[in-house]
Every structure is written in structure tokens, then in C-alpha cells.
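# Observations on the three-dimensional arrangement
Listed below, chain by chain, are the residues.
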Amino acid sequence: MSGELSPIDKAKFVAARRAADMVENGMRVGLGTGSTAAWLVRCLGEMVREDGLKITGVPTSIRTAELAREVGIEIVSLDEAKWLDLTIDGADEFDGELNLIKGGGGALLQEKIVASASDQMVVIADKAKEVESLGAFPLPIEVIPFGWQTTQSLVEETLISMDVLGRTVTVRMDGARPYITDEGNHILDLHLRRIGNPRQLGLVVNQIPGVVENGLFIDMCDTVVIGYGDGKVEVRDINEGTIETDRIDFVESDNLFKDLSE
Ligand code: 5RP
């Protein structure tokens, strides 16, 4: 079954598998969104079903909530959990300081709130997500539907004075209509190519009326688990300043590999 996985999916899987081992009995765990996070949810589900792991999950999107339920993880809302031990999520880009761009899957708002309410944030990613400076991946920002085109113009105007290489802004579409997030908002994608000062950009963009949140996660991620297509994983911890390498064997498991929907 694992033979059907592409190298990129193997890389995502091994990163998720390694991060799942960081989850301990009794933990309240933020569950990210996206294809890498979906592997994590499946790995944790298997640990719950087969090893008796007891955790409470707080999903960052409707689709993660559905998957978590499907694989047998008990889930609660963030307000019920109040504070989390750990959040594990994917990313679209990470740099050497473990600053991130997130939101490619449209869930950045809940993802940021959940990560902010966690003792620790662990990012799981394949090696291709590592960049020297953020910005090649379009930066998503969540905006409220009211006057979103006016908000887009204000964002474009703001970008003129920012240290970025590109300034094109597009609205994310879902067929013929603007994409709608779980919170009922739209997403603007900022094609910046390179962001000179991510911290400043994040603060400035959030001052624009109509902007709810941006996909820059600055100083939030503690650890990144980087997966490779050959089963190698690298764990980098920004606080400890450590780098560990490991290798994960693919253990074929019908439950884990069947019907992957993301
Ligand atoms: C969703 C996200 C995802 O974590 C990010 O898009 C990475 O996704 P994938 O694991 O599918 O590459 O931020 O909003």
C-alpha cells in the first residue's frame, strides 16, 4: 500500500508519524489542517485505537474535525479545552528561524488561534517547504466579505511601502465565487515573491480595516519535523537549538493508508 505513495506523500507521512510520537497520554492537542496534518490525524487515530492513547483534540477546521471523528479521536472546541499542551500543523513555508507562511488550505485563522493557545507548536513539513526567506508562496490573508474589494485596494496601497518584491493581490476563488472560509470570510493571496521584513508586514497588514488575520506565523513555531521521501526525518528545535535525525519505516497499514481524502 505504501508503494502507492509519491515521494512527497512519503515525506509528509514520515514527518507526521515522527511528530505523533511527541504526543503523550492525557494531552490536549491542536490538530492542524492540510494534507500533512491529515496524516498526523490518521497516525494519532491509529494510536488511540490500537495503543489506547488518550488525548483530546482541538481541530482547526471543519474538515480536520470530520477526519478526527472518523479515526476515533475525541474532539472538543478550543473554549472547552481552554489551553493546549501541543499543536501540530503543516505549513506552506518555513524559514531558518521557524517563521511560517500558512493558510494555503484556507484555515489560517483557526490555526493561528489554536497555535496561540498552545504551550508548544510543532510544524510538520516536507523538505520542499524550507525557504531562505519567506514569500515565494503567496501570503494568504483572511478578510471579511463586507467591502472585500475595498479591503483589497487598501492592501495593495499598503504594499507599496513594504519591503517586498511583488505586489499582486488576488482573491482566492472556489469555482466562479470567492472562496469562503470556515468563519464565513474570504482569502486574499498576496504574491510578494520575497518578504524582507515578515514581522513588520504581519503587523501592518493586520491594521487594515476588513483584514481579520494574516498567514505569517512569527515566533510561534518551536519545532519543525522535516520529512524526506526516503523515510528520513529531521527534528529542529528552535529553543533548544538542536537538530536530530531519525528514520521512519513504512509499516503498511490498511487503516492508515486507505481512502486518504486530502
Ligand atoms: C492550511 C495550512 C496548511 O498547513 C498548509 O497549507 C500546508 O498544507 P499541506 O500539508 O497540504 O501542504 O496552512 O491552512
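Structure first, text after, so check above.
Residues numbered from 1 in each chain as written. Predicted model: local features only at pLDDT ≥ 70, side-chain atom pairs only at ≥ 80, totals over all residues. Heavy atoms only, no water.

## A word on the sheet that holds strand 5 (residues 93–94)
Pairing in this open sheet of three strands is antiparallel, and the strands run 5-6-14 from one edge to the other. Whereas interior strands pair on both sides, the edge strands pair on one side only; in this sheet they are strand 5 and strand 14 (216–217). (Pairing = 2+ DSSP bridges. Helix = DSSP H or I, 4+ residues; strand = E, 2+ residues; numbered from the N terminus.)

## Points about the pattern of salt bridges
Within this structure, the stated rule accounts for 15 salt bridges. Between R17 and D21 there is a salt bridge, with the nearest N and O atoms lying 3.1 Å from each other. Take R17: its relative accessible area is 16%, and that puts it in the buried class. Note on D21: relative accessible area 46%, which makes it partly exposed. The salt bridge partner of D230 is R247, with a shortest N-O separation of 3.9 Å. Of this pair, D230 sits in the loop between strand 15 (223–227) and strand 16 (232–237) while R247 sits in strand 17 (residues 242–247), and the two are 17 residues apart along the sequence. Salt bridges here are not isolated pairs; linked through shared partners, they connect K127, E130, E234 and R236. (Salt bridge = Lys/Arg side-chain N within 4 Å of Asp/Glu carboxyl O. Buried < 20%, exposed > 50% of the residue type's maximum accessible area, 1.4 Å probe, protein only.)

## Focus on the pairing of strand 15
Extensive coverage of strand 15 is indicated by the burial of five of its five residues. The side-chain alternation of strand 15 yields two buried faces, one formed by T223, V225 and G227 and the other by V224 and I226. As defined by bridge partners, strand 7 (residues 121–126) adjoins strand 15 across five bridges and the pair is classed as parallel. Across the sheet, the residue bridging to D126 is G227, located in strand 15.

## Let's talk about helix 7 (residues 198–205)
Looking only at helix 7, the buried set comprises P198, L201, G202 and V205. End-on, the buried residues of helix 7 take up no more than an arc of 100°, which puts them together on one face. Looking at the buried residues of helix 7, the elements they touch are strand 8 (139–143), helix 6 (148–159), strand 13 (211–214) and strand 14. (Arc of directions from axis to C-beta. Contact = heavy atoms within 4.5 Å.)

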